[in-house]
Amino acid sequence: MSILAVDRHAWRALFAAQLGWMLDAMDFLLFSFAVIPIREEFGLSNGIMGALTSVALIASAIGGMVFGRLADRLGRVRALSLSILLYSAATAGLATSAALWQLIAWRVAVGLGMGGEWSCGSVLVAETWPAEHRGTAMGLMLSGWAIGAMIAAGASALNIGRFGWSILFLTVAPPAAAAAFMCTNG
């Protein structure tokens, strides 16, 4: 079978998961680009910033397990939609942070959703794509990370000096809306 003959639902699943990986990269790199301005604005030490960076990764391990169970109960598409919406909203929420505890809370929520996207998106793609094209589909899904990295770098270069660090985290809204639309209308 030609890759072009793959079912449209499989393509939608692939592009929704790819958008999820793109948003993941955007969050990761936007936060990395904003570390110094955040540290300076909040008067935080390098150690606290390292912990703040790590908290999302620690939470992602928990999120992967939680959303894996949710995917088994609610379905992969719903769980993927919820995970993308959670970490996209939490990434945007970082822009509203006025205290360290808020930064921590938003980063934990980002991690929970991100871990859920990793587990739900990859399983959804693997389940919907025929075996002969599954490797290609997984490669396309993971290419979303590189796309997100490019968008984050561009957003950072254009905005951080001009508008400050918080505006960076609002750039996830348009692709998050597209991912949610693809997940719910597939």
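Given the structure is predicted, the values throughout are model-derived calculations rather than measurements. (Residues numbered from 1 in each chain as written. Predicted model: local features only at pLDDT ≥ 70, side-chain atom pairs only at ≥ 80, totals over all residues. Heavy atoms only, no water.)

Caption draft 1: The packing of aromatic side chains, seen in detail. In the structure shown here, the tally under the stated rule is seven aromatic pairs. Here Phe-31 and Phe-169 contribute two aromatic rings whose centre-to-centre distance is 6.5 Å and whose plane-to-plane angle is 45°, an arrangement assigned as tilted. Highlighted residues: Phe-31 in helix α1 (residues 8-42) and Phe-169 in the loop between α5 (134-163) and α6 (173-184), separated in sequence by 138 residues. Accessibility classification places Phe-31 together with Phe-169 in one group, the buried group. Feature note: the residues Phe-31, Phe-42, Trp-165 and Phe-169 constitute an aromatic cluster, connected by ring pairs. Note that Arg-107 overlies the ring of Phe-31, its terminal NZ or CZ placed 4.1 Å from the centroid. (Phe/Tyr/Trp six-rings, centres within 6.5 Å; stacked < 30°, edge-to-face > 60°. Helix = DSSP H or I, 4+ residues; strand = E, 2+ residues; numbered from the N terminus. Buried < 20%, exposed > 50% of the residue type's maximum accessible area, 1.4 Å probe, protein only. Lys NZ or Arg CZ within 6 Å of the ring centre and 35° of its normal.)

Caption draft 2: Seen up close, the side chain of Ser-97. Its location among the elements puts Ser-97 in the loop between α3 (76-93) and α4 (100-128). Judged by relative accessible area, Ser-97 falls into the buried class, the value being 7%. When sequence neighbours within four positions are dropped, the list of residues in contact with Ser-97 reads Phe-42, Gln-102, Leu-103, Trp-106 and Trp-165. (Contact = heavy atoms within 4.5 Å.)

Caption draft 3: Representation of α1 in the model. Relative to the 51 Å expected for 35 residues at 1.5 Å per residue, α1 spans 47 Å between its end C-alpha atoms, a close match to the ideal helical length. Residue Val-35 marks the point of greatest curvature in α1, where the axis turns by about 50°; the proline Pro-37 follows within four residues. Between a side-chain oxygen at the N-terminus of α1 and the backbone nitrogen of His-9 the separation is 2.9 Å; the capping residue is Asp-7. At the exit of α1 stands Gly-43, carrying a positive phi of roughly 65°. (Expected span 1.5 Å × (residues − 1). Bend = angle between axes of the 7 residues up to and from the residue. Polar contact = N/O pair within 3.5 Å; in protein donor to acceptor, adjacent residues only side chain to side chain.)

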